[in-house]
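# Overview (structure and organization)
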Amino acid sequence: MKTHSPQVIGIAVLESGGRFLVGCRGSDGPLAGYDEFPGGKCRADESPAACAVRECGEETGLAVEAVELLLRREFAYAHATVDLHFWRCRPVDTTGDAAPENGFRWVTADELATLHFPEANAPLLELLRSL
Ligand SMILES: Nc1nc2c([nH]c(=O)n2[C@H]2C[C@H](O)[C@@H](COP(=O)(O)OP(=O)(O)OP(=O)(O)O)O2)c(=O)[nH]1
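Residues numbered from 1 in each chain as written. Predicted model: local features only at pLDDT ≥ 70, side-chain atom pairs only at ≥ 80, totals over all residues.

### Overview of the overall build of the protein chain
How we decide: Numbering of helices and strands runs from the N terminus, with a helix taken as a DSSP run of H or I at least four residues long and a strand as a DSSP run of E at least two residues long. C-alpha atoms define the radius of gyration in this analysis, and the globule rule sets the expected value at 2.2 Å times the number of residues to the power 0.38. Counting other C-beta atoms within 10 Å of a residue's own tells you its class, since 20 or more makes it buried, 12 or fewer makes it exposed, and anything in between is partly exposed; those C-beta atoms are placed from the backbone. Contact between two residues is assigned when their C-beta atoms, built from the backbone, lie within 7 Å.
Counting its regular elements, the protein chain contains three helices and seven strands. In the protein chain, the order of α-helices and β-strands from amino to carboxyl end is β-β-β-β-α-β-β-β-α-α. For 131 residues, the compact-globule estimate of 2.2 N^0.38 gives 14 Å, and the C-alpha radius of gyration of the protein chain, at 14 Å, lies within 12% of that figure. Across its three principal axes, the protein chain shows a C-alpha extent of roughly 55 × 30 × 30 Å. Evaluated residue by residue, the protein chain yields a buried proportion of 24% over its 131 residues. In the protein chain, the proportion of contacts linking residues at least 24 apart, taken out of those at least 6 apart, comes to 68%.

Okay, here's the thing in structure tokens:
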């Protein structure tokens, strides 16, 4: 039987002034309509931290730097098995002037708990609640 390696995913958990950057997945593709942190598939020879930084820039227009790995989790969805690397990131621009693009928005920790994230995010959300 042919086995597939999990897709390695870099995700940016961007916190600034007690708020987190969140978007909504498009209406086509896997997990359509779910809330999400910016992120995506790692390119060949790209570290998950570098991927999180790149995807955040591409998706939201915000330049960030990776600070620490909050959580790594492998999870089997129907569409793919993913090896998720959730990286805590911070904005490079600390003036707070940069506005996110593509529908990404800043939400409070309380609002975060009410959103509809992919199932694999549950332990990450638990962790963020305890910080
Ligand atoms: N971006 C993101 N993806 C997540 C989160 N939680 C979670 O399980 N995922 C999963 C959904 C997908 O299976 C995978 C991300 O892959 P993707 O297909 O969105 O990545 P991509 O942007 O590189 O995709 P594409 O260019 O090929 O469309 O990780 C999350 O909080 N943010």
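### With respect to the site of the ligand
As a reminder, the rule being used: Nearness between a residue and a molecule or strand is assessed with a C-beta atom placed from the backbone; a distance within 6 Å qualifies. Under the convention adopted here, Pro, Cys and the residues Ala, Val, Leu, Ile, Met, Phe, Trp and Tyr are nonpolar, Asp, Glu, Lys and Arg are charged, and Gly plus all remaining residues are polar.
By nearness alone, 18 residues border the ligand, and E36, G39, G40, K41 and P118 come closest of all. Only strand 1 (7-16), strand 4 (39-41) and strand 6 (81-91) provide two or more residues apiece to the shell around the ligand. If you tally residues by element for the shell around the ligand, the top one is strand 4, at three residues. Residues belonging to the shell around the ligand are distributed by class as follows: 12 nonpolar, four polar and two charged.

### Overview of the nonpolar core
Note the following rule: A set of buried Ala, Val, Leu, Ile, Met, Phe, Trp, Tyr and Cys residues, joined to one another through C-beta atoms within 7 Å, is what we call a nonpolar core.
Among the nonpolar cores identified, the biggest contains 22 residues, and I11, A12, V13, A52, C56, W87 and C89 are the most heavily contacted of them. Counting residues per element, the ones that place at least two in this core are strand 1, strand 2 (19-24), helix 1 (48-60), strand 5 (64-76) and strand 6. Other than its neighbours up to four places away in sequence, W87 contacts G10, I11, A12, V13, P48, A49, A52, A66, L69 and L70.

### Quick look at the environment of G29
Tracing the backbone through its elements, the reader meets G29 in the loop between strand 2 and strand 3 (35-36). Residues G29 and T108 lie 79 residues apart in sequence; the distance between their C-alpha atoms is 27 Å.

### Section: unusual backbone geometry
Both trends apply: most residues other than glycine have a negative phi, and most peptide bonds are in trans. Even without glycine at this site, D45 takes up a positive phi of about 65°. Tracing the backbone through its elements, the reader meets D45 in the loop between strand 4 and helix 1. Overall, the presence of 6 C-beta atoms within 10 Å leaves D45 in the exposed class. Residue N102 is not a glycine yet carries a positive backbone phi of 60°. Following the sequence through the fold, N102 ends up in the loop between strand 6 and strand 7 (105-108).

### Here's the deal with helix 1
Let me state the cut-off plainly: What a helix should span is 1.5 Å times the count of its residues minus one.
For helix 1, built from 13 residues, the straight-helix expectation of 18 Å at 1.5 Å per residue is met to within 8% by its first-to-last C-alpha distance of 18 Å. Residues of helix 1 that are buried include every one of P48, C51, A52, V53, E55, C56, E59 and T60, and no others. Of the surrounding secondary structure, the elements contacted by the buried residues of helix 1 are strand 1, strand 2, strand 4, strand 5 and strand 6. Positive backbone phi, at 80°, marks G61, one or two positions downstream of helix 1.

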